[in-house]
Amino acid sequence: MDFELSEDQRAFQQTAREFAAGELAPHAARWDAEGIFPRETLAKAGELGFCGLYAATAHGGLGLSRLDAAVIFEELAAACPSTTAYLTIHNMASWMVSEFGQPEVAAAWCPDLTSGAKLASYCLTEPGAGSDAGSLQTSARLDGDSYLLNGGKAFISGAGATDVLVVMARTGGGGPGGISAFVVAADSPGISYGRKEEKLGWNSQPTRAITFEEVRVPAAQRLGEEGQGFRIAMKGLDGGRINIATCSVGAAQAALEAARNYMLERRQFNQRLADFQALQFKLADMATELVAARQMVRLAASRLDARAPDATAYCAMAKRFATDVGFTVCNEALQIHGGYGYIREYPLERYLRDARVHQILEGTNEIMRVIVARRLLEKSNLEIPR
């Protein structure tokens, strides 16, 4: 068991850290305040391969492991959790097209996605199908050599500003087995977008509802076979849960460092905050929880890379634990800053707002507990390293 990063991983980490410092950190507060979706910056990320980290090299991706990707996303999220979170969603969608698209479709769509020339949205959630995603009602009716999509999606990251949609729709009977997946051009006739949602955080990426009205999609653009869509969506979410957990770790690392520096500089009652044992203990707990979260995320990524049979449960555990820890560390760091942590001159309130939604999306943390408990009680073979 080796907890050290490889030489290549440290190189990836350093490249991501430099990109974050030069391209994300100086602009993150403005993007948040003004609701700017930084397409130009995302295109620059694409030039480094960050838009296709684990997509196949044959389709323009880097073909990296999920562990490699986690190392990169953590560095980016320390500068801007919101923009990095969108980038992780784009990577998930790009991988799905690369992995499950017919060869000619993957060859046609993926190079633009993995380069960042085009951006993608993942379309699963509906107004009446959130945690119960298997009950979705958006339909895809076969009509000759194409499908007609009808229905609506909700809370779609990037919607209205992206070029490609990966859409889950019902082609068969009820339940997960009747769902198929499709790659769809975002400007296809019959697609309309709702208003841009006003959100607590994640303001550097738009969130909108999408309506499909008789949207014609070539049958060749189905991902996998009919009825495999829910399984494909869940495979995407295994990696997505690692990604969003990593964004929480990155935000928490930045918050921890800000709190540490503030404690060393700020003086009250004629001594540094760092000299108060109560705050020393608080900082120690924050660091301990953060290290545990990071290691759990990397363990889950390794399980997913190894295609372990219990990888889904590990991804759920990592997502639940790391996003809870991430929010708590950001909240404690804000508390250490006192009133200064609450104003936008400091980044703590932005980290806190951005990290909060990580406990909700990619499956709520309550659903993560359901996944883990089901594996423990029904499978009885969740391998817990000892």
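Structure shown above.
Attention in this report is confined to the structure presented alongside it.

What counts, and at which threshold
- Residues numbered from 1 in each chain as written.
- Predicted model: local features only at pLDDT ≥ 70, side-chain atom pairs only at ≥ 80, totals over all residues.
- Heavy atoms only, no water.
- Helix = DSSP H or I, 4+ residues; strand = E, 2+ residues; numbered from the N terminus.
- Buried < 20%, exposed > 50% of the residue type's maximum accessible area, 1.4 Å probe, protein only.
- Contact = heavy atoms within 4.5 Å.
- Areas by Shrake-Rupley, 256 points an atom, 1.4 Å probe, with all protein chains shown as cover.
- Patch = residues over 30% accessible without salt bridge, like charges linked within 9 Å, V, L, I, M, F, W, Y side chains within 5 Å.
- Salt bridge = Lys/Arg side-chain N within 4 Å of Asp/Glu carboxyl O.
- Pairing = 2+ DSSP bridges.
- Phe/Tyr/Trp six-rings, centres within 6.5 Å; stacked < 30°, edge-to-face > 60°.
- Lys NZ or Arg CZ within 6 Å of the ring centre and 35° of its normal.

**Points about the overall build of the protein**
Then, in step 1: Each helix and strand in the protein was counted, giving eleven helices and ten strands.
Then, in step 2: By principal-axis analysis of the C-alpha atoms, the protein measures approximately 80 × 50 × 40 Å.
Then, in step 3: In the protein, which comprises 386 residues, the proportion classed as buried is 53%.
Then, in step 4: A separation of at least 24 residues holds for 73% of the contacts in the protein among residues at least 6 apart in sequence.
Then, in step 5: Accessible surface, the protein as shown: approximately 16,800 Å² in total, 51% of it carbon and sulfur.

**Looking at unusual backbone geometry**
Then, in step 1: The phi dihedral of Glu214 falls on the positive side, at around 50°, and the residue is not glycine.
Then, in step 2: Note on placement: Glu214 falls in strand E7 (residues 207–218).
Then, in step 3: Glu214 gets classed as partly exposed once you look at its relative accessible area, which sits at 43%.
Then, in step 4: Backbone geometry places Phe269, a non-glycine residue, at a positive phi of 55°.
Then, in step 5: Along the chain, Phe269 falls in the loop between strand E9 (267–268) and strand E10 (271–272).

**Focus on a nonpolar patch on the surface**
Then, in step 1: There is a patch of nonpolar side chains on the surface, built from Tyr340, Tyr342 and Ile343 and spanning about 350 Å² of accessible area.
Then, in step 2: With respect to the helices and strands, Ile343 occurs in the loop between helix H9 (311–337) and helix H10 (348–356).
Then, in step 3: By relative accessible area, Ile343 is classed as partly exposed at 36%.

**Considering H10**
Structural remark: α-helix, 3.6 residues per turn; residues separated by three or four positions point the same way.
Then, in step 1: Within H10, eight of the nine residues are buried, which leaves the element mostly enclosed by the surrounding structure.
Then, in step 2: Every buried residue of H10 is listed here: Leu348, Glu349, Arg350, Tyr351, Leu352, Arg353, Asp354 and Ala355.

**Describing the pattern of salt bridges**
Then, in step 1: Following the criterion strictly, the structure yields 19 salt bridges and no others.
Then, in step 2: The closest approach of N and O atoms between Arg344 and Glu349, which form a salt bridge, is 3.9 Å.
Then, in step 3: Linked through salt bridges whose partners overlap, the residues forming this network are Asp32, Arg344, Glu349 and Arg353.

**Side note on the pairing of strand E2 (residues 139–143)**
Then, in step 1: When E2 meets strand E3 (residues 146–157), the two strands line up antiparallel, connected through five bridges. Residue pairing in the sheet places Ala140 in a bridge with Leu149 of E3.
Then, in step 2: Counting the residues in the hairpin turn of E2 and E3 gives two residues, including Gly144, whose phi is positive at 70°.

**Some words on the side chain of Arg298**
Then, in step 1: By the element assignment, Arg298 lies in helix H8 (residues 277–305).
Then, in step 2: For Arg298, a relative accessible area of 14% puts it in the buried group.
Then, in step 3: Setting aside its immediate chain neighbours within four residues, Arg298 contacts Leu5, Gln13, Leu67, Val71 and Glu74.

**Side note on the packing of aromatic side chains**
Then, in step 1: Throughout the structure, instances matching the rule amount to eight aromatic pairs.
Then, in step 2: Relative to Tyr86, the ring of Phe37 lies with its centre 5.2 Å away and its plane at 85°, an arrangement referred to as edge-to-face. Here the residue Phe37 occupies a position in the loop between helix H2 (28–34) and helix H3 (39–47), and Tyr86 occupies one in helix H5 (residues 81–100), the gap between them amounting to 49 residues. The same class applies to Phe37 and to Tyr86, which are both buried.
Then, in step 3: Centroid distance Tyr147 to Phe182: 4.9 Å. Interplanar angle 65°. Geometry classified as edge-to-face. Of this pair, Tyr147 sits in strand E3 while Phe182 sits in strand E5 (residues 179–185), placing them 35 residues apart in sequence.
Then, in step 4: On the basis of relative accessibility, which here comes to 0%, the residue Phe182 falls in the buried class.
Then, in step 5: Ring pairing ties together the aromatic residues Tyr54, Trp95 and Phe100, which thus form one cluster.
Then, in step 6: Directly above the aromatic system of Tyr54 lies the positively charged group of Arg66, at a separation of 3.8 Å from the ring centroid.
Then, in step 7: The ring of Trp95 carries the charged tip of Arg66 above its face, separated from the ring centre by 4.7 Å.

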